[in-house]
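Structural overview
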Amino acid sequence: MSDHRPVHENVEEVVQMLGITKQFPGVLANDNVDFTLRKGEIHALLGENGAGKSTLMNILTGLYKQDSGTITINGVRRSFASPSQAIAVGIGMVHQHFMLVPTQTVTENVLLGLDKPGFHLNLSKYDKAIQNLGEQMGLPIDPANKVWQLSVGEQQRVELIKVLYRGAEILILDEPTAVLAPVEIESFFATLRRMTALGKSIVFISHKLNEVLQIADRVTVMRRGKVTAAGVSPAGMTVRDLAKLMVGREVAFDIHKPPLTPGEIVLDTDGVECINDKGLPALRGVNIQVRKNEIVGLAGVAGNGQRELAEVITGLRKCAKGKIILAGDEVTNQDPRSFINHGISHIPEDRHHVGSAPNLSLADNLIMKSYSHSPIAPGWTINNKAVDKNATDLRQEYDIASPTIKTPVRLLSGGNLQKVILAREISGQPAVMVAMQPTRGLDVGAIEGVQKLLLKQREAGAGILLVSEELEELLALSDRIYVIYDGKIMGEVFDNDVEKIGLMMTGTPLEKINEMRGVENA
Amino acid sequence: MDPIIILQAGVATGTVLLFATLGGIFSERAGVMQLGLEGMMLLGAMTAFSVTVSTGNPWLGLLAAMLAGGLLSQIHAFITITLHADQVVSGLSLTFVGTGIALVFGETLSKAGVISLIPKISVPVLTNIPVVGPIFFTNQSVLVYIGYALVPLAWYYIYHTRPGMHLRAVGEQPSAADSLGINVFRTRYFYVFVCGLFSGLAGATISLAISPGWFSELTTAGQGWIAIGLVIFSQWDPVRAMVGSYTFGALRRLVLDIQGPTMLLGMRNPFYYNPYLGIFLTMLPYAFTIFVLVLGSYSAAKKRLGAPAALGIPYVRGERGL
Ligand SMILES: Nc1ncnc2c1ncn2[C@@H]1O[C@H](COP(=O)(O)OP(=O)(O)OP(=O)(O)O)[C@@H](O)[C@H]1O
Ligand SMILES: [Mg+2]
C-alpha cells in the first residue's frame, strides 16, 4: 500500500531544530525538542493531543518564539520575529484551524500580505495565475469564489495554493486530512507526492496512523513535549507500533461491544422539518427512533442535515414541522432546558463555541448543566466548594489533563476539551445522547477513551445517536445505521453493508437499492 | 417648505455626518469599534473655530481640527489595541474625554465670533442641470464637494486596492492576516488614526461651514451618535453611507421647516400648533440611532448586515480557541 523510498544518509537537511523549549503557563509544551526535515521528504509528526506538535511548528513559522533552542534553515541560523520572516525563507504552514478570510475571494486570500499587486487590485488578472497554479498542482479551484461558499476540502486547497503561491519550499501541514472525505484524501496525497517530486519538503501532522504509514518517509513521535522517536522510517511498522510510540502503552483497536436488547423508544422524531442558517430547507421530514441500550449511527456526507438534526433534537434549533418525542413526552420547540430536563445530552461538533465557553474555567464549564440545582446551587447562590469538588472529581474520573481546575478551557488540547464536554454531559445520567463527530481530531488514545465512554453509556441504559463521517467508527460502534442525504433519511441498515450505505450516502433510497438488487438476483 | 431647499440643506448638513461615518467605517472595517466619534468631532469643531479665530485662516483651522481628532483617537487605539481593553468602554470614555477637553478650551471662545469660513461655490455648467444642479452644485461649501470626491475614493480604496484588501482582512480574520505577515497592530492603529482625522474634519465642517460658530456641546448636538448609527446602517459601505448621511441631513432640515407654516397640505399644520409634536420629531434621528445600535449588537443581525467578523474583539497573537 505504500511506496517508501529508501532513507539516505547525508541527504540535505533543509530544517534543523535543536533543543527547542517552549513553556506556556502551567505547561511545558516543548521540552528540548530536536527535529530535522530533509529535502524532498514527507516527514510525519505524530503525538497525542497536547503533545506539542502545533507548538513546535508554530515556532518554526515564527508565530511563537521559543524560550531556547536554535533553528537552522538551509544551513543558515535563523530567528523569526514574525511569520513574514519565515515566509521570506520559504516556510509555509497550513494551520490546523484554517486561516482564511471567509468574506474575501480565493484570489484575495492568496494575495494577502504580498507586495504584488502594487496599489490597484487587478483581481481578474491574478485569478488566471492562481487557477493555473492550482491546476498544475492538482488543486482545482474557482478563484473568483468567496471562501465562505467553499466546502472544507476546497478551503484546504486554498490554503495549499496560498502557501505554494508564496514559493514555499518547506510546507507544514497541521492535520490536513482531519476534515477531508476519503475520496478527497486520495487526491490530496497525490498532490503531496507531486510537490515532493518538485523538491519541496513536507511536515505532515496527523492522527490517522494508517495515513502516516501510507505517505510518510520518516516519522517523529512526540509525547508530553518530548520526542520519543526521532525521524525513524515507518517501513515495516504497523499502526499498533505507532500507537504505542505515541501513547506509551498498547492501544486496543478492536472494540468490545456486548450484545444488548434495545429497550423502549427514548427518542422519536415524526416528520421533522427545519431550515438551516441560510434559510434553506435542511431537514425534509425526518423520522428516526432511538431506543434504550443502543447506539444508532447516522451516516452521511457532511452538510446533508446532520448538524441541523442534532440541533433540532437537542432543542437548539426551531422545528418548522413535525414532532419530537423524548421518553414519551412531546417537547417540540420547547426551550433547551426542557430538553435537558427530559434527559437529553449533547456532544456538539464545535467543541470551542457550542460545546464549551472557551474563556471560562474547567470548573465552570463542568457545571453548565447542573448549575441550577443542588448540590451546586442549593439556594440562590452557587456553592463554590461544591463546584470545586465536582471539578476535582470529574477531572480525576475522566482523566482530564489540565494544570488546575481554574484553567480556562481554551488552553486545553482537543482531546482534553472533548473529555471535559463528555464528563459534563455524561455525569447527568442522560437518557438520550446525541454525539456529533465525537472523535474528530483526537489522537488514538483519546479516541479509544471516548469510544469506551459511549459504549459504557449504552450499557448503562442510554440511547445514543452517533453522527459521524468516519464510516469505520460508525460500523464498529452502532447497532444500526440511518443514512441521511439532502435532509431525508434514505433508509436504515442493520447489517453493516458498506456498499449499500455508500449508495445511500450519495442519494439512492434503500427501496431503490433493494429493487436493483432484486433485479440482479432474478 | 421648498423641497429643493430642504434637499440642498440636507446635502450640506449631511456632509458632517458623511465625514464622521466614513471615519467610523474605516476604523470598524479594521475591527475597532468607534463609539468616540462625538468626542472627536466636538474637539475638532472647537479646534477649528479657535485656530481660525486666531490665525484668520479657516484652512489652517481645518488642518488643526483633523490633527486634534487624530491625536485623540490614539488614546482609544492604545487602550484597545495595545492594552486589549474593551472597545465599548474605551470608546465611550473617549467621548467624555473629547467633550471635556473641548468644553474646557472652548470656554473662553466667543459664541459666534465673526470668522472667515470655508468658501461656498457653485459649479459652472453643472449648476444649470434641473433639480440636481440646485441641490448638489449650487452655493455649497467646498467641503461638500470634498465629500462628493471622498466617497468614490473610499469605495475604491476599500474594495479595489491592496491596502484596502488588507484592511478588510484585519477586520474579518486578524489571525489569518497575521499569519501572512500583515501587521495587525499597525493596521489597526493606522485606521483608528484615519477615523480621528475624519471625525476632526466632521467637527470642523460644522464650525467652519455648515452652522458656523462655537456653541459648546450644542455644536455637534449628538451628530456623532447618529454617525455611529449610520456606520451600521450603511453596512460599512461608503456609498450607502453617503445615501444615509444626506437622507438624515435632509430629515434634520425637514423637521425644522415643517414646524414653520401654519397650513400643511391644505390642513392646519399640527406641528405648528402643537410644539410637543415638534420635539418628538427632533427626537426621531436619535431614536433611530438607538434602534440601529440595538439591532447591530444582536449577533444574528450583525452577521446579516455584514459586520466585520472581528469587530470589537482585541487581537492577541497565539491565543487559541477564540
Ligand atoms: N497559546 C497557548 N497558551 C497556553 N498554552 C498553550 C498555548 N498553545 C498551546 N498550549 C498548550 O501547550 C500544549 C501543547 O499544545 P499543542 O497545540 O502544541 O498540541 P498538539 O500536539 O498540536 O495537540 P493536538 O493534536 O490536539 O493539536 C497543550 O497542553 C496546550 O494546552
Ligand atoms: Mg495541534
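Refer to the structure printed above.
Each residue is numbered by its place in its chain's sequence as written, counting from 1. Throughout, the order in which chains and ligands are written sets their labels, letters from A for the former and numbers from 1 for the latter. Per-residue local features of the predicted model are confined to residues with pLDDT of at least 70, and side-chain atom pairs are confined, for both listing and counting, to 80 or more; whole-chain, interface and lining totals are unaffected and use all residues. Only hydrogens and water are set aside when side-chain values are computed; all heavy atoms of the structure are taken into account.

1. Looking at the environment of Ala 30 of chain B
Residue and element names in this part refer to chain B. Locating Ala 30 in the fold gives a position in the loop between helix H1 (3-29) and helix H2 (37-55). Taking the C-alpha atoms as reference points, Ala 30 and Ile 5, separated by 25 residues in sequence, lie 37 Å from one another. Note on definitions: a residue-residue contact is assigned when non-hydrogen atoms from the two residues lie within 4.5 Å. Setting aside anything within four residues of it in sequence, one finds Ala 30 in contact with Leu 167, Val 170, Gly 171, Arg 188 and Tyr 191. A run of H or I in DSSP becomes a helix once it reaches four residues, and a run of E becomes a strand once it reaches two; helices and strands are each numbered from the N terminus.

2. A short note on the nonpolar core
Residue and element names in this part refer to chain A. Counting 46 residues, the largest nonpolar core has Leu 362, Val 483 and Ile 501 as the members making the most contacts within it. Per-element accounting of this core gives the leading share, six residues, to helix H13 (residues 414-426). The residues touching Leu 362, leaving out its near neighbours within four places in the chain, are Arg 395, Ile 400, Ser 402, Thr 404, Ile 405, Thr 407, Val 409, Leu 412 and Val 420. In terms of nonpolar packing, the next biggest core, distinct from the first, is built from 44 residues, Leu 46, Val 106, Val 163 and Leu 192 among them. As used in this record, nonpolar core signifies buried Ala, Val, Leu, Ile, Met, Phe, Trp, Tyr and Cys residues forming a set joined through side-chain atoms within 4.5 Å. A simple rule labels every residue: compare its accessible area, found with a 1.4 Å probe on the protein chains alone, to the largest value its type can have, and call it buried under 20%, exposed over 50%, or partly exposed in between.

3. Digging into the pattern of salt bridges
Residues and elements named next belong to chain A. For this document, the term salt bridge refers to a Lys or Arg side-chain nitrogen within 4 Å of an Asp or Glu carboxyl oxygen. Under the criterion given, the structure shown has 26 salt bridges over all chains. One salt bridge connects Glu 311 with Arg 307, and the closest N-O pair in it is separated by 3.4 Å. In this pair, Glu 311 and Arg 307 both sit in helix H9 (residues 306-313), four residues apart, roughly one turn of the helix. Taking the relative accessible area as the measure of exposure, Glu 311 reaches 16% and is therefore buried. Among the residues examined, Arg 307 registers a relative accessible area of 34% and is labelled partly exposed. Salt-bridge contacts for Asp 497 lead to Arg 517; the nearest nitrogen and oxygen are separated by 2.9 Å.

4. Let's talk about unusual backbone geometry
Each neighbour pair has its own omega, and for Lys 116 of chain A with Pro 117 of chain A the value is 0°, a cis peptide bond. Along the chain, the position of Pro 117 of chain A falls in the loop between helix H3 (106-111) and helix H4 (123-136). Going from Ser 374 of chain A to Pro 375 of chain A, the amide bond is cis rather than trans, its omega being 0°. Inspection of the secondary structure puts Pro 375 of chain A in the loop between helix H11 (362-366) and helix H12 (384-397). Positive phi is not limited to glycine here, since Asp 486 of chain A has a value of about 50°. Positionally, Asp 486 of chain A belongs in the loop between strand E19 (480-485) and strand E20 (488-493). Accessibility expressed as a relative area gives 35% for Asp 486 of chain A, which makes it partly exposed. A positive phi angle, close to 55°, is found at His 84 of chain B, a residue other than glycine. Following the sequence through the fold, His 84 of chain B ends up in the loop between helix H3 (58-82) and helix H4 (87-106).

5. Examining the packing of aromatic side chains
Aromatic rings in a pair are described by how distant their centres are and how their planes are angled relative to each other. Pairing of aromatic rings covers Phe, Tyr and Trp, the last counted by its six-membered ring, and requires centre-to-centre distances within 6.5 Å; plane angles under 30 degrees mean stacked, over 60 mean edge-to-face, and any other angle means tilted. All told, the structure shown has 21 aromatic pairs over all chains when counted by the stated rule. Each member of the aromatic cluster is reached from another via a ring pair, and the members are Phe 119 of chain A together with Phe 26, Tyr 156, Tyr 157, Phe 190, Tyr 191 and Phe 198 of chain B. Only when the NZ of Lys or the CZ of Arg is both within 6 Å of the ring centre and within 35 degrees of the ring normal is a charge said to sit over the ring. Here the guanidinium or amino end of Arg 268 of chain B rests over the ring plane of Tyr 273 of chain B, the centre of that ring lying 4.1 Å away.

6. Focus: the sheet that holds strand E6 (residues 91-94) of chain A
All names here are of chain A. We call two strands paired when DSSP finds no fewer than two bridges between them. The strand order across the open sheet built from six strands is E6-E7-E8-E3-E9-E10, with neighbouring strands paired in mixed fashion. Pairing within the sheet leaves two strands with one partner each, and these edge strands are E6 and strand E10 (226-232). The average undirected angle you get between the axes of adjacent strands in this sheet is 15°. Looking at chain direction, strand E3 (residues 42-47) and strand E8 (residues 201-205) are connected through four bridges and run parallel. The residue bridging Ile 42 from the neighbouring strand is Ile 202, located in E8. Lines fitted to the C-alpha atoms define the axes, with helices restricted to the stretch that makes contact. Angles between their N-to-C directions range from 0 to 180 degrees. With respect to the sheet, helix H5 (residues 152-165) is in contact with E6 and strand E7 (170-174), its orientation differing from that of E6 by roughly 175°.

7. Focus on empty space enclosed by the protein
Both cavities and pockets are sets of points on a 1 Å grid over the protein atoms alone; in a cavity a 1.4 Å probe fits but cannot get out, in a pocket the set is open with protein on both sides within 12 Å along at least five of seven lines, and lining residues sit with an atom within 4 Å of a point. Grid points are joined across faces, edges and corners, and a volume is the space filled by probe spheres set on the points. Tallying each qualifying case throughout the model produces two cavities of 30 Å³ or more. In terms of lining residues, the largest cavity is bounded by 17 residues, among which Ile 87, Gly 92 and Met 93 of chain A together with Ser 179 and Leu 180 of chain B are the most central. Contributing elements (two or more residues each) for the lining of the largest cavity: helix H2 (83-88), E6 and H5 of chain A. Split into classes, the residues belonging to the lining of the largest cavity amount to ten nonpolar, four polar and three charged. Basically, the charged four are Asp, Glu, Lys and Arg, the nonpolar ten are Ala, Val, Leu, Ile, Met, Phe, Trp, Tyr, Cys and Pro, and anything else, Gly included, counts as polar.

8. Quick notes on the interface of chain B and chain A
Taken together, the contacts link 26 residues of chain B with 36 residues of chain A. Of the roughly 2,600 Å² buried between chain B and chain A, counting both surfaces, carbon and sulfur atoms make up 58%. Inspection of the chain B/chain A interface yields one salt bridge. Residue Glu 108 of chain A pairs with Arg 168 of chain B through a salt bridge whose shortest N-O separation is 2.6 Å. For the purposes of these results, a polar contact is taken to be a pair of N or O atoms within 3.5 Å, where, inside protein, one atom must be able to donate a hydrogen and its partner to accept one; residues adjacent in sequence count only when each atom of the pair is a side-chain atom. For the pair chain B and chain A, the interface holds ten residue pairs in polar contact (both at pLDDT 80 or more). The set of elements that each furnish at least two residues to the side of chain B that touches chain A consists of helix H6 (142-160), helix H7 (162-172) and helix H8 (174-179) of chain B. At seven residues, H7 of chain B tops the list of elements feeding residues into the side of chain B that touches chain A. Joining two parts hides part of their accessible area as seen by a 1.4 Å probe, and the buried area is that hidden amount summed over both.

Honestly, it's all geometry; don't read function into it.
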